[in-house]
Amino acid sequence: MGKRTIIPFGPQHPVLPEPIHLDLVMEDEVVVEAIPSIGFIHRGLEKLVEIKEFTEYVYVAERICGICSFMHGMGYCQSVEHGMNLTIPRRAEYLRTIWAELSRVHSHLLWLGLLADGFGFESLFMHSWRLREKILDIFEATTGGRVIFSVCKIGGVRRDVSNETLQSIIKTLVDMEAEVKELTDVFINDYTVKSRTVGVGVMSLQEAHDLGAVGPMGRASGLVQDMRLLGYAAYDDLDFAPIVETAGDSYARTVVRIREIFQSIDLIKQAVAKIPDGEVSVPVKDVPRAECFERLEQPRGEVIYYTKGIGTKFLERVRVRTPTFANIPPLLHCLKGCDLADVPILILTIDPCISCTER
Amino acid sequence: MMSYVTKSPWIIHYDGSSCNGCDIEVLACLTPMYDVERFGIINTGNPKHADIFLLTGSVNEQNIPVIKQIYEQMPEPKVVVAIGICATSGGIFAECYNVQGGSDKVVPVDVYVPGCAARPEAIIDGVVKGLGVLAEKRAAMVKK
Ligand code: SF4
């Protein structure tokens, strides 16, 4: 046994825009244990529900995380709406689905860029983010915001998107597909890139199951699990199957996310083809009185929203279990036995979102 | 603008307790659409290389020492730019129990960039304003 050293990683570290701290217990070049400490970014926003009305809290929920902001707003709204037995117009559900899938495309492109940056492939990072800007332009055209949209509200969505705009979105996505393919082929085929991901941080199906991996992290190890199959919003009308790989290494996780970009584009096409006409919101006349659990598939995996209404404008409790929180035990597992040089890549492959985790 | 820039300022970015919204907009400034690198602005991870400190998010008990440490390690003259309403005043989270307020509670802030999320154009504008402040500070140092 070599000499043990502890190397601190973070909270300010170039590969991660967000603060997380890990104490890496090293034996020579190999990590034997990783001890996380979190709390740099905790704000305590679940408690804000006591002073913000339940209709206003949507804006707080959106700011749990700026990357999946739309899906946080959507999860909160769905949970409150189900608790109130409020049926929202079908068109609103479709629009939510379209925005949610666009968010997934933007999030995965963002992640691909960060991964490329993580292994030092700067131009690949730039190209991923260049493509991502096109999605942000769609967001800006349809909602007015680039990262925080505030377009979801209890009872539906705040604004309609005209059918012509929807068609132009499809056109943008179709034009983009070839470029995304060209970009992602580098991740899939390039020898040098593969040397950083293939066989790094392997997690078996059993381990993924036992440690409770969610989202692409679990699906890359063969765990068939996708909350969209529950058929919330308009997913019950759309035709898709969860994307699963079996290798369980960083390469498989990359491939799952890449295939999901194309899947999301396909889902948006389907949704635009099927979207019904009609209203986009219903008035809210009541206050929440019930408890409700809601599960959604975010780009990073399953998110659980719990809301408890007590018949006043203020909810008694909101609880969010975010995907990164569930993926930290699998991450610590993958870090054991890896080389120090692979630590940044491994941390990135769970697609960590610390501000979700700590709220 | 180019005549204005006599130096390639390097930036360092630290995320206080932001929601990520402003962070990804800071990163977006570096990418081809906005590309601040054409002004010689480079994002560095090392405080000792940095001239401009971009802070997103509000401050709390646990990140105050980290922010202070980064600030102190930066060489003079230095400029702090607070990005987003969180870094300015705490914004929507101001009433949270673990939010102590804007970043000016901990380090002297030279430029405030409001917005939630702050748009890349606004961030670039803020950094350019910061360059002006940097030049002033340098001139003041030379005089001494
Ligand atoms: S200002 Fe808004 S977008 Fe920026 S970090 Fe704060 S909550 Fe997020």
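Residues numbered from 1 in each chain as written. Chains lettered and ligands numbered in written order. Predicted model: local features only at pLDDT ≥ 70, side-chain atom pairs only at ≥ 80, totals over all residues. Heavy atoms only, no water.

(A) Inspection of the sheet that holds strand 3 (residues 30-37) of chain A at higher detail. Residue and element names in this part refer to chain A. The strand order 1-2-3 describes an open sheet built from 3 strands, whose pairing is antiparallel. If you trace the sheet from one side to the other, it starts and ends with strand 1 (4-9) and strand 3, each paired once. Here the average twist between neighbouring strands, direction ignored, is 20°. The sheet contact formed by strand 1 and strand 2 (residues 21-27) spans 6 bridges and is antiparallel. Paired with Phe9 across the bridge in strand 2 is Leu22. Contacting strand 2 and strand 3, helix 10 (residues 323-335) runs over the sheet at an angle of about 155° to strand 3. (Pairing = 2+ DSSP bridges. Helix = DSSP H or I, 4+ residues; strand = E, 2+ residues; numbered from the N terminus. Axes fitted to C-alpha atoms, helices over the stretch in contact; angles between N-to-C directions. Contact = heavy atoms within 4.5 Å.)

(B) Broad picture of the nonpolar core. With 122 residues, the main nonpolar core has Tyr57, Phe70, Tyr76, Trp99, Leu102 and Phe187 of chain A together with Ile83 of chain B as its most contacted residues. The element best represented in this core is helix 3 (residues 90-118) of chain A, accounting for 15 residues. Non-local contacts of Leu102 of chain A, meaning those with residues more than four positions away in its chain, are made with Ile135, Ile138, Phe139, Leu173 and Ile268 of chain A. Within the second largest apolar cluster, 21 residues are counted, among which are Met26, Ala213, Met217 and Leu346 of chain A. (Core = buried A, V, L, I, M, F, W, Y, C linked by side-chain atoms within 4.5 Å. Buried < 20%, exposed > 50% of the residue type's maximum accessible area, 1.4 Å probe, protein only.)

(C) Local environment of the environment of Asp249 of chain A. Residue and element names in this part refer to chain A. Within the secondary structure, Asp249 is located in the loop between helix 8 (215-219) and helix 9 (250-274). As for Asp249 and Gly199, which are separated by 50 residues in sequence, their C-alpha atoms are 5.3 Å apart. Every residue in contact with Asp249, bar those within four places of it in the chain, is listed here: Thr197, Val198, Gly199, Val200, Gly201 and Val202.

(D) Region of the structure containing the packing of aromatic side chains. Residue and element names in this part refer to chain A. Here the structure, examined in full by the defined rule, presents 8 aromatic pairs over all chains. Pairing Phe70 with Trp99 gives two aromatic rings, centres 5.8 Å apart and planes at 55°, and the pair type is tilted. Separated by 29 residues along the polypeptide, Phe70 in helix 2 (residues 69-84) and Trp99 in helix 3 bring together distant segments of the chain. Judged by relative accessible area, which is 0%, Phe70 ranks as buried. With relative accessibility at 2%, the residue Trp99 sits in the buried group. Between Tyr235 and Phe240 the ring centres are 6.1 Å apart and the planes differ by 65°, which places this aromatic pair in the edge-to-face class. (Phe/Tyr/Trp six-rings, centres within 6.5 Å; stacked < 30°, edge-to-face > 60°.)

(E) Representation of the interface of chain B and chain A within the structure. Counting residues at the interface gives 38 residues for chain B and 40 residues for chain A. Across the chain B/chain A interface, buried area totals approximately 3200 Å², and carbon plus sulfur atoms make up 64% of it. Inspection of the region where chain B meets chain A yields 2 salt bridges. A salt bridge links Glu25 of chain B to Arg146 of chain A; the shortest N-O distance between them is 2.8 Å. Here chain B and chain A share 6 residue pairs in polar contact (both at pLDDT 80 or more) between them. (Buried area = accessible area lost by both parts, 1.4 Å probe. Salt bridge = Lys/Arg side-chain N within 4 Å of Asp/Glu carboxyl O. Polar contact = N/O pair within 3.5 Å; in protein donor to acceptor, adjacent residues only side chain to side chain.)

(F) Here's a closer look at the site of the ligand. By nearness alone, every residue bordering the ligand is listed as Arg63 of chain A together with Ser18, Cys19, Gly21, Cys22, Gly84, Ile85, Cys86, Phe93, Gly115, Cys116 and Ala117 of chain B. More than one chain lines the surroundings of the ligand; the residues nearby belong to chains A and B. Every element with two or more residues in the shell around the ligand is listed here: helix 1 (21-30) and helix 3 (84-89) of chain B. Among the elements that make up the shell around the ligand, the one with the highest residue count is helix 3 of chain B (3 residues). Its residues placed into classes, the shell around the ligand shows 7 nonpolar, 4 polar and 1 charged. (Near = heavy atom within 4 Å. Nonpolar A, V, L, I, M, F, W, Y, C, P; charged D, E, K, R; others polar.)

(G) Structural view of the sheet that holds strand 4 (residues 79-83) of chain B. Residue and element names in this part refer to chain B. Taken in spatial order, the 5 strands make up an open sheet running 2-1-3-4-5, and their pairing is parallel. The two strands at the open ends of the sheet, each matched to only one other strand, are strand 2 (42-43) and strand 5 (111-113). Here helix 4 (residues 120-143) sits on the sheet in contact with strand 3 (52-56), strand 4 and strand 5, set at roughly 180° to strand 5.

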